[in-house]
Amino acid sequence: MSQQRQKNRMRLYLAAFSANLSFTSCGCAMAWTSPVLDTIDKSLGVEVSATSRSWIGSLIAVGAICGPLFASKLLDTVGRKWTLILDVMLLIVSWVIVGLPALRLTFVDPLSLLYFGRFLSGVAVGIIFMSLPVYIAEISDVESRGPLGSLNELFIAFGFFCEYVFGSFTTYLQLSMVSTVIPLLFLLTFYWMPESPHFLIMHGRRREALAAIKWLNSYQDDDKALIEKEAQDIQALLDDHSGPSHPCQDLFVVKGNRRALLISCGLIFAQQFTGINVVQFYTQSILENSNKTEQASGLPTGVAPMLVGGTQFLSSLLTPIATRLWGIKIPLLLSALGAAVGQGALGTYFVLSSKEPGSVPFELIPVFSMVFFMASFCIGLGPLPWAVMGEMFPPNVKALSSSFVSSFCFLLTFILTFFFKLVSDEFGRHTPIFFFAFCCFFGLIFIALTIPDTRGMTLQEIQDVLNGRTHRMQSPAVRRVTQTGSMIQIIMRSGLLVEQGDHNTITKNLLATATEEEEQHPMIPMITDNKHELPAKHTAIYNSKAYREATKV
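Residues numbered from 1 in each chain as written. Predicted model: local features only at pLDDT ≥ 70, side-chain atom pairs only at ≥ 80, totals over all residues. Heavy atoms only, no water.

**Let's talk about the overall build of the protein chain**
Along its length, the protein chain carries 35 helices and zero strands. By the burial criterion, 55% of the 553 residues in the protein chain qualify as buried. Taking all contacts inside the protein chain whose residues are at least 6 apart in sequence as the whole, residues at least 24 apart take part in 79%. Roughly 24,200 Å² of accessible area belongs to the protein chain as shown, and the carbon and sulfur atoms make up 65% of that amount. (Helix = DSSP H or I, 4+ residues; strand = E, 2+ residues; numbered from the N terminus. Buried < 20%, exposed > 50% of the residue type's maximum accessible area, 1.4 Å probe, protein only. Contact = heavy atoms within 4.5 Å. Areas by Shrake-Rupley, 256 points an atom, 1.4 Å probe, with all protein chains shown as cover.)

**Quick look at helix α9 (residues 142–149)**
In terms of burial, α9 is a largely internal element, six of the eight residues being buried. Contacts made by the buried residues of α9 are with α2 (10–31), α8 (110–139), α10 (152–167), α22 (319–326), α26 (384–392) and α29 (459–466).

**Digging into the side chain of Thr450**
Mapping Thr450 onto the fold places it in helix α28 (residues 430–450). At a separation of 2.7 Å, a polar atom in the side chain of Thr450 contacts the main-chain carbonyl oxygen of Phe446. The residues touching Thr450, leaving out its near neighbours within four places in the chain, are Arg259 and Ile263. (Polar contact = N/O pair within 3.5 Å; in protein donor to acceptor, adjacent residues only side chain to side chain.)

**Observations regarding the state of the cysteines**
Under the counting rule described, the total for this entry stands at zero disulfides. This cysteine, Cys440, is not joined by any disulfide, and Cys439 carries the nearest cysteine sulfur, 7.2 Å off. (Disulfide = S-S within 2.5 Å.)

**With respect to helix α17 (residues 255–272)**
Along its 18 residues, α17 runs 26 Å from first to last C-alpha, staying within 8% of the 26 Å computed at 1.5 Å per residue. Of all 18 residues in α17, 13 are buried; the element is thus mostly enclosed. (Expected span 1.5 Å × (residues − 1).)

**Examining the packing of aromatic side chains**
Tallied over the full model, the rule gives 17 aromatic pairs. Plain terms: the ring middles of Phe269 and Phe442 are 6.3 Å apart, the flat faces sit at 80 degrees to each other, and that makes the pair edge-to-face. Placement of Phe269 in helix α17 and of Phe442 in helix α28 is noted, with a sequence separation of 173 residues between them. With a relative accessible area of 27%, Phe269 lands in the partly exposed category. The class for Phe442 is partly exposed, based on a relative accessible area of 45%. Ring pairing ties together the aromatic residues Phe269, Phe273, Phe435, Phe436 and Phe442, which thus form one cluster. Geometry around Tyr191 places Lys81 over its ring, the cationic atom sitting 5.6 Å from the centre. (Phe/Tyr/Trp six-rings, centres within 6.5 Å; stacked < 30°, edge-to-face > 60°. Lys NZ or Arg CZ within 6 Å of the ring centre and 35° of its normal.)

**As for the packing of α2 against helix α12 (residues 181–190)**
Contact geometry for α2 and α12: axes closest at 9 Å, N-to-C directions at 160 degrees. Considering their axes alone, α2 and α12 lie roughly antiparallel with respect to each other. For the element pair α2 and α12, the recorded crossing hand is left-handed. Contacts between α2 and α12 pair Ala15, Ser18, Ala19, Leu21, Ser22, Thr24, Ser25 and Cys28 from the former with Ile182, Pro183, Leu185, Phe186, Thr189 and Phe190 from the latter. Partitioned by chemical class, the residues of the contact of α2 with α12 number nine nonpolar, five polar and no charged. (Axes fitted to C-alpha atoms, helices over the stretch in contact; angles between N-to-C directions. Parallel < 35°, antiparallel > 145°, perpendicular 65-115°, else oblique. Left-handed = near helix turned anticlockwise from the far one by under 90°. Nonpolar A, V, L, I, M, F, W, Y, C, P; charged D, E, K, R; others polar.)

**Some remarks on the pattern of salt bridges**
Taken as a whole and assessed by the stated rule, the structure comprises eight salt bridges. When the shortest N-O distance is used, the salt bridge between Arg9 and Asp141 registers 2.8 Å. You can see Arg9 sitting in the loop between α1 (2–8) and α2 and its partner Asp141 sitting in the loop between α8 and α9, a full 132 residues away along the chain. Here the two residues Arg9 and Asp141 agree in accessibility, since each one is buried. A salt bridge links Arg80 to Asp76; the shortest N-O distance between them is 3.0 Å. What makes Asp76 partly exposed here is its relative accessible area of 24%. In the salt-bridge network here, residues are joined through shared partners; they are Asp76, Arg80, Glu138 and Lys398. (Salt bridge = Lys/Arg side-chain N within 4 Å of Asp/Glu carboxyl O.)

**Some remarks on empty space enclosed by the protein**
Under the definition given, this model contains four cavities of 30 Å³ or more. Estimates place the volume of the largest cavity at around 180 Å³. If you trace the largest cavity, you find 17 residues lining it, with Met30, Phe129, Glu153, Gln272 and Asn277 closest to the centre. Among the secondary structure elements, those contributing two or more residues to the lining of the largest cavity are α10, α17, α18 (276–281) and α27 (398–427). Of the residues that constitute the lining of the largest cavity, the class distribution is nine nonpolar, seven polar and one charged. (1 Å grid on protein atoms, 1.4 Å probe; cavity = no way out; pocket = protein on both sides within 12 Å on 5 of 7 lines; lining within 4 Å. Points joined across faces, edges and corners; volume = space filled by probe spheres on them.)

**Digging into the nonpolar core**
As a rule of thumb, soluble globular proteins bury nonpolar side chains together. Counting 107 residues, the largest nonpolar core has Trp32, Ile40, Phe129, Tyr135 and Tyr172 as the members making the most contacts within it. Among the elements that take part in this core, α2 stands out by supplying 12 residues, more than any other. Residues lining this core come from more than one domain, with at least three contributed by each of domain 1 (7–193) and domain 3 (254–455). One finds Leu200, Tyr219, Ala231 and Leu238 within the second-largest nonpolar core, a separate group that totals 11 residues. (Core = buried A, V, L, I, M, F, W, Y, C linked by side-chain atoms within 4.5 Å. Domains from an automatic or database assignment.)

**A look at the packing of α27 against α28**
Orientation of α27 relative to α28, taken along the N-to-C sense of each, is 125 degrees, at an axis distance of 7 Å. As judged from the angle between their axes, α27 and α28 are oblique. In contact with Leu416, Phe420, Val423, Ser424 and Phe427 of α27, α28 contributes His430, Thr431, Pro432 and Phe436. When grouped by side-chain class, the residues that make up the contact of α27 with α28 number six nonpolar, three polar and no charged.

Right under this line is the structure:
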């Protein structure tokens, strides 16, 4: 059975890998400045000041702040799939604009054209970070959602790797052209992938949703019952959040949405304040100690940054394995602890190196510290906050919440990268590094206290936990009862509970007692969300001792 289930997920993996090529495109856009900025004067034929270089590097963050806000309704209008396709097409257009200044056209200012192209790249990157986690969470099943949601850091790291490799021997214009290869590959493969079944059912396109479920899970024609069951589960989740929708209001008024927003923004804060973007953008600068580090360690110029970048890619391979074994929470805790140790060791080195030059092993500490930091970051805090965002919010606020969290992320990115140099020059490099280490410990405490263990939960069960409607149970029988929504909510919607008496007491007692009975009698069928079918199809539930006693009011 396990081999059959593994085989049946091959199309699901194909869809997830194809979709994640958009994250590789983001990695290329984010890393483009690293091999280009040093020779940009010669490439453009104009003098580029330090301030202009700073804006070329930071405008992608500015665009990424704005992009999700502009496209908050795009997810629910054209769908998750076509949002990604249109956005990657925008990214290709931005690469064309970025490459044009190398042609040295006389009728346009090359820097203005470059600024505009980098801003468009940021808009595209921000929308991808908003929409891809939603798509992955909605096409995945319970067992694969965590591992597939954690792939993003691996694909982003591959984008960084591509830019570093090709940027070392290509010209400005050639690198811009090469950077369009991954987006084009995404379009050629992802166009054939299905839309999210959640979106299709949300818009009444049930036949297409059933076809998407069938394709993603490699179901056969005689698996209609399994296909219909998955569609009913999705419908139950949508029905639980149906009715008049005011996303802006619901995001902050509904208890579960507030908690999901706190968790998502808290994880993004912990992610960004590890100093990851500072490390990626200023790796060479951080490792330089009046050129003593590389001379003492014997490492040629540029090798240390390559070690850090290679660690980012290789350690990202471990994240899906870790999430499959331990879920999301444990890798996040280990990641925060490791990042704190890595940044703390680096900060200590900067303090001591200003007093004692030390020996050769001592000079290798910054390299080892940054490698350890990068490995720790990539196994948890790098990819998993986006996976959490994709699974935490209900359908009616998912687009708005995703845009809010994505913009918040890139706002922090812009602030940190803009002020790092200023703070380092004014107070010493150890000051921001120690601050990052402190934030890592803060993130460790935050994760331990707030993040629920969603391992093995359906999206509906996650909503039940966030809203306090049920507690986390390990029993498969209990999970079957809650899989299509809270049993008590379904019964109350069916009108089977009488009006007299204390409903809160009745429902709590009913849930507790029925849970015990179902564990003793696991053959009790699941509850459907169709209230007209309840009495006929599930009389076993209503004949149970728990139900009879609860309704004797």
